[in-house]
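Overview (structure and organization)
Now for the letters of each chain:
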Amino acid sequence: MEKIAFLGLGNMGGPMAANLVKAGFSVTAFDPAAPALAQARQDGCATADSAHDAVSGADAVISMLPNGGIVKELYLGARGLLQALDSKTLVIDCSTIAASDARQLIAAADERGIRAIDAPVSGGTAAAAAGTLSFMCGGEAAPVEAARPVLSAMGANIFHAGPAGCGQVAKICNNMLLAIHMIGTAEALQLGVDNGLDPTVLSEIMKASSGDNWSLDKYNPYPGVMEGVPASRGYSGGFSVALMLKDLGLAMDTAAGSATSTPLGALAKNLYQLHGGDDDNRRLDFSSIQNLFRRPAGD
Ligand code: NAD
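This section reports on the structure supplied with the text. Computed from a prediction, not measured in an experiment: that's the story for all the values here. (Residues numbered from 1 in each chain as written. Predicted model: local features only at pLDDT ≥ 70, side-chain atom pairs only at ≥ 80, totals over all residues. Heavy atoms only, no water.)

Some remarks on the overall build of the protein
Secondary structure assignment for the protein yields 15 helices and 9 strands. Its C-alpha atoms give the protein a radius of gyration of 20 Å, near enough to 19 Å, the size a compact globule of 299 residues would have. In terms of principal-axis extent, the alpha carbons of the protein reach across some 65 × 45 × 35 Å. With the model as given, the accessible surface of the protein reaches about 13400 Å², and the carbon-plus-sulfur share is 53%. For the protein, the distance from the average position of its 20 positive side-chain charges to the average position of its 29 negative side-chain charges is 2 Å. (Helix = DSSP H or I, 4+ residues; strand = E, 2+ residues; numbered from the N terminus. Rg over C-alpha atoms; globule rule 2.2 N^0.38 Å. Areas by Shrake-Rupley, 256 points an atom, 1.4 Å probe, with all protein chains shown as cover. Lys, Arg positive; Asp, Glu negative; His and termini not counted. Charge placed at Lys NZ, Arg CZ, Asp CG, Glu CD.)

See the structure below:
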């Protein structure tokens, strides 16, 4: 598998495509945004004028797109990519979308004799750049194994979660838990600060205690505590509130479908909705939920 078509060169897809080039794959990339295409050229990708042009002759197509509506529009229907792909092509959709949308895509591919898997990722933009993403794959074992060498060029962990759509289910379970511990971490830090503690000192204490968790350890939401995280650059970059809201919506839809009780997930979605009610906040990194708890200056 040498020739890869990469569709969607945003915060995640751009660095993922660059890592494929570094690993020696021949990558043809497409994104409707001109700056993303220019960056891809700098990173060593060939670029195409359309998704259809990009996939021509590709051994594998990787998509990293904002949502399920865009994924379905791209692949399905009379003018969708599935109609144009050779049956030898492997489709790897890395976007975070509803498990039902992933199953629909994989079933439609199967009808045309095309192998497809869902392979959403965890790790964020830093892991995308470092090539250390975790991939959670759903689909038959054979296409997941076929995808492994390609995914290994972009990630450190490749899990086969189960049949079609299971990668997406794993992803939203993880992100629901992420939202919950990010909110809990922000709330605990604010309680400490409002009662005279230095957030750095409190973070060190909780990291060595039973409150330790990924948000505290790797992605501290309190400004100035940790270098290199969005909280220390005005919550810019990273994983947006809008995308976290999308994932919490998918988690709640999935929970409704299986009649699973997810009270903390529902509360987390509510709090992110409150925070993201302001358009400017929706663009910020999700750790900006800290601002929901911070008192205005002088209060
Ligand atoms: P993004 O908005 O930065 O990038 C999406 C890109 O897709 C944009 O450049 C857009 O122009 C392009 N695009 C839109 N329609 C297209 C089409 N028809 N053909 C080709 N390209 C098209 O989003 P992102 O942060 O890179 O996230 C991408 C996916 O990864 C989402 O599903 C998101 O939920 C998931 N994800 C993101 C993160 C993160 O930290 N940002 C982490 C894990 C998973």
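Concerning the pairing of strand β9 (residues 155–162)
With 6 bridges joining them, strand β8 (residues 133–138) and β9 adopt parallel strand pairing. Within β9, the residue paired with Gly-138 across the bridge is Gly-162. For the crossover that starts at β8, traverses helix α8 (residues 141–152) and ends in the parallel β9, the hand is right-handed. (Pairing = 2+ DSSP bridges. Right-handed = clockwise from strand over helix to strand, strands pointing away.)

Concerning the site of the ligand
Neighbouring the ligand are 22 residues; Asn-11, Met-12, Asp-31, Leu-65 and Lys-246 lie closest to it. Asp-31 is positioned such that a nitrogen or oxygen atom in its side chain is 2.6 Å from an oxygen atom of the ligand. Here an oxygen atom of the ligand sits 2.8 Å away from a polar atom, N or O, in the main chain of Leu-65. In the complex, 84% of the free accessible area of the ligand, which totals 840 Å², lies under the protein chains. The set of elements that each furnish at least two residues to the shell around the ligand consists of α7 (124–130) and α12 (241–258). (Near = heavy atom within 4 Å. Polar contact = N/O pair within 3.5 Å; in protein donor to acceptor, adjacent residues only side chain to side chain.)

Examining helix α10 (residues 199–207)
Owing to its 3.6 residues per turn, the α-helix aligns residues three or four sequence positions apart on the same side. Here α10 has its buried residues at Pro-199, Leu-202, Ser-203 and Met-206. Buried positions in α10, seen along its axis, are confined to an arc of 100 degrees and lie on one side of it. Residues of α10 that are buried make contact with α9 (166–194) and α11 (214–218). Where α10 begins, the side chain of Asp-198 points an oxygen toward the backbone nitrogen of Thr-200, at a separation of 2.7 Å. (Buried < 20%, exposed > 50% of the residue type's maximum accessible area, 1.4 Å probe, protein only. Arc of directions from axis to C-beta. Contact = heavy atoms within 4.5 Å.)

What to know about unusual backbone geometry
A positive phi angle, near 60 degrees, is found at Tyr-235, a position not held by glycine. Residue placement: Tyr-235 occurs in the loop between α11 and α12.

Here's the deal with the pattern of salt bridges
Taken as a whole, this structure holds 6 salt bridges when the rule is applied. A salt bridge links Lys-72 to Asp-101; the nearest nitrogen and oxygen atoms lie 3.0 Å apart. With Lys-72 in helix α4 (residues 68–75) and Asp-101 in helix α6 (residues 99–111), the pair connects residues that are 29 residues apart, well separated along the chain. A residue is classified by how much of its surface remains accessible, and Lys-72, at 27% relative accessible area, is partly exposed. Between Lys-207 and Glu-204 there is a salt bridge whose closest N-O contact spans 3.4 Å. (Salt bridge = Lys/Arg side-chain N within 4 Å of Asp/Glu carboxyl O.)

Brief notes about a nonpolar patch on the surface
Judged by side-chain polarity, Leu-197, Val-201 and Ile-205 come together as a nonpolar surface patch covering roughly 240 Å² of accessible area. Look at Val-201 and you get partly exposed, because its relative accessible area is 45%. (Patch = residues over 30% accessible without salt bridge, like charges linked within 9 Å, V, L, I, M, F, W, Y side chains within 5 Å.)

Let's talk about the packing of α9 against α12
With their axes 9 Å apart at the nearest point, α9 and α12 run at an angle of 115 degrees to one another. Here α9 runs over α12; the crossing is left-handed. Where α9 abuts α12, its residues Lys-171, Ile-172, Asn-175, Met-176, Leu-178 and Ala-179 lie against Met-244, Asp-247, Leu-248, Leu-250, Ala-251, Met-252 and Thr-254. Taken together, the residues that form the contact of α9 with α12 break down as 9 nonpolar, 2 polar and 2 charged. (Axes fitted to C-alpha atoms, helices over the stretch in contact; angles between N-to-C directions. Left-handed = near helix turned anticlockwise from the far one by under 90°. Nonpolar A, V, L, I, M, F, W, Y, C, P; charged D, E, K, R; others polar.)

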